[in-house]
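Observations on the model geometry
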Amino acid sequence: MFNFIKKTFSGLNKTRKNIVNTFSKFHGKKYLTDDEISELESILFQSDLGYDIVDNIVDNFRGKTLSSDESWETKFIELLKKQIPIKCSKSDIDERVILIVGVNGTGKTTTSAKIANYYKNKGEKVSLVGADTYRAAAVEQLSIWADRLGVKYISNASTKDPASIVFDGINAGLKDGSDRIIIDTAGRLHNSVNLMKELEKVCKIAGKFDQSMRVVLVVDSNVGQNGMNQALEFNKFIPIDSLVLTKMDGTARGGIAVSLINKLKLPIDFIGVGEQLDDLVPFDLDIYLEGLIKNE
Ligand code: GDP
């Protein structure tokens with residue numbers, strides 16, 4: 001657990017730096033001037049908390065006088081928590097089949113391997129399925145990860161039909177008694193109707209098994225509010241159950257997590273905080289919010 005807290009904090013370093021700097025200027029102040037409010041507004045925008053949330057915080061801070069037992073930081077966290085419309089405490093994924101989807105380059109293949117590593121470390125038996133029929137490098141990369149992890153790997157270079165790989169993959173994983181079957185799919189732009197239809201078919205085939213499946217959309221934190229559109233568009237074709245936010249370590253826009261949960265009402269399962277297998281942490285709202293503002 002301590003390791004997860006450390007990794008969440010380190011993943012949020014860039015985002016936190018700006019926010020902490022600004023709040024540190026408010027220490028000892030009972031109320032904020034218009035200039036201070038403007039500075040805060042601009043920093044919160046840059047962190048990608050999104051217009052509505054920033055507006056709400058700024059409105060609450062304007063004209064507010066702090067009582068002696070309050071701080072601007074705790075008020076900030078309190079207000080952010082009010083923007084979370086769903087239960088968002090850390091909960092493990094119940095589903096046996098996990099389908100990883102998203103736009104190209106968001107980190108799907110890496111995330112599939114990282115999730116496999118996460119569950120393997122919990123003592124579970126894991127299968128990885130490489131169903132990216134467009135990018136041979138992704139299939140090869142995933143097989144290298146699987147080798148390194150010592151988990152079963154299923155793919156089929158001789159077919160261009162991802163649905164058939166998914167069918168075989170789930171079948172093999174179930175026969176093998178895997179606790180988790182993690183499927184990496186090809187990256188696709190949400191506005192490419194043919195590819196989205198293909199994904200629809202993949203979901204349909206996977207749904208034929210009497211197994212619960214979780215469809216996880218991988219979103220690159222750097223794309224900010226555009227991640228919102230990706231989720232909405234994917235959701236038109238397949239029901240997205242949750243999100244993984246990757247590359248949190250490389251961005252100062254880590255506020256996007258609150259914004260996504262607020263607008264999409266979807267949970268975030270994990271955040272990616274680096275390129276290595278163990279650079280994946282289960283999303284915990286309280287730790288995340290502290291990571292946005294608390295000096296280590
Ligand atoms: P895909 O096309 O969606 O499958 O993306 P890949 O898994 O191939 O990842 C694209 C690039 O992003 C690779 O260089 C990964 O190492 C990198 N990447 C993935 N997740 C993270 C992360 O959480 N942090 C950082 N810094 N890089 C990441």
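Description of the structure in this document. (Residues numbered from 1 in each chain as written. Predicted model: local features only at pLDDT ≥ 70, side-chain atom pairs only at ≥ 80, totals over all residues. Heavy atoms only, no water.)

**Quick word on the environment of V54**
Structurally, the position occupied by V54 is in helix α4 (residues 51–61). Linking V54 and L44, residues 10 residues apart in sequence, is a C-alpha distance of 6.3 Å. Those residues in contact with V54 that sit more than four places away from it in its chain are E41, L44, F45 and L49. (Helix = DSSP H or I, 4+ residues; strand = E, 2+ residues; numbered from the N terminus. Contact = heavy atoms within 4.5 Å.)

**Re the sheet that holds strand β4 (residues 180–185)**
Hydrogen bonds between backbone atoms are what pair the strands of a sheet, whose relative direction is either parallel or antiparallel. What the eight strands build is an open sheet, ordered β3-β2-β4-β1-β5-β6-β7-β8; its pairing is mixed. One side of each edge strand has no neighbouring strand; the edge strands of this open sheet are β3 (152–154) and β8 (280–282). Here the average twist between neighbouring strands, direction ignored, is 25 degrees. With three bridges connecting them, strand β7 (residues 268–272) and β8 associate as antiparallel partners. (Pairing = 2+ DSSP bridges. Axes fitted to C-alpha atoms, helices over the stretch in contact; angles between N-to-C directions.)

**Focus on the environment of Q230**
With respect to the secondary-structure elements, Q230 resides in helix α10 (residues 226–237). Spatially, the C-alpha atoms of Q230 and H190 are 6.3 Å apart, while their sequence positions differ by 40 residues. Setting aside chain neighbours within four positions, we find Q230 in contact with V103, H190, L217, V219 and V223.

**As for the pattern of salt bridges**
In this structure the tally under the stated criterion is 21 salt bridges. Residue E70 is joined to K64 by a salt bridge in which the shortest nitrogen-to-oxygen separation is 3.6 Å. Under the relative-accessibility criterion, E70 is labelled partly exposed at 24%. You can call K64 partly exposed: its relative accessible area is 21%. Residue R214 is joined to E95 by a salt bridge in which the shortest nitrogen-to-oxygen separation is 3.3 Å. (Salt bridge = Lys/Arg side-chain N within 4 Å of Asp/Glu carboxyl O. Buried < 20%, exposed > 50% of the residue type's maximum accessible area, 1.4 Å probe, protein only.)

**Side note on helix α3 (residues 34–46)**
For α3, with 13 residues, the first-to-last C-alpha span of 18 Å sits near the 18 Å given by 1.5 Å per residue. Regarding α3, the residues found buried are E36, I37, L40, I43 and L44. The arc that holds the buried residues of α3, viewed along the axis, is 130 degrees, so those residues lie on one side. Turned more than 90 degrees off the buried face of α3, the exposed positions are D34 and D35. For α3, the secondary structure elements touched by its buried residues are α2 (13–24), α4 and α5 (72–82). (Expected span 1.5 Å × (residues − 1). Arc of directions from axis to C-beta.)

**Some thoughts on the packing of aromatic side chains**
Taken as a whole and judged by the stated rule, the model has 10 aromatic pairs. Consider the rings of Y118 and F270, whose centres lie 4.9 Å apart with planes at 75 degrees: the pair is edge-to-face. In this pair, Y118 sits in helix α6 (residues 108–121) while F270 sits in strand β7, placing the two residues 152 residues apart along the sequence. Summarising the burial analysis for this pair, Y118 and F270 share the class buried. When the centroid spacing of 5.0 Å and the interplanar angle of 40 degrees are considered together, the rings of F167 and F209 count as tilted. Within this pair, whereas F167 is found in helix α8 (residues 162–175), its partner F209 is found in the loop between α9 (193–206) and β5 (213–220), the two being separated by 42 residues in sequence. F167 sits in the partly exposed class, given a relative accessible area of 34%. (Phe/Tyr/Trp six-rings, centres within 6.5 Å; stacked < 30°, edge-to-face > 60°.)

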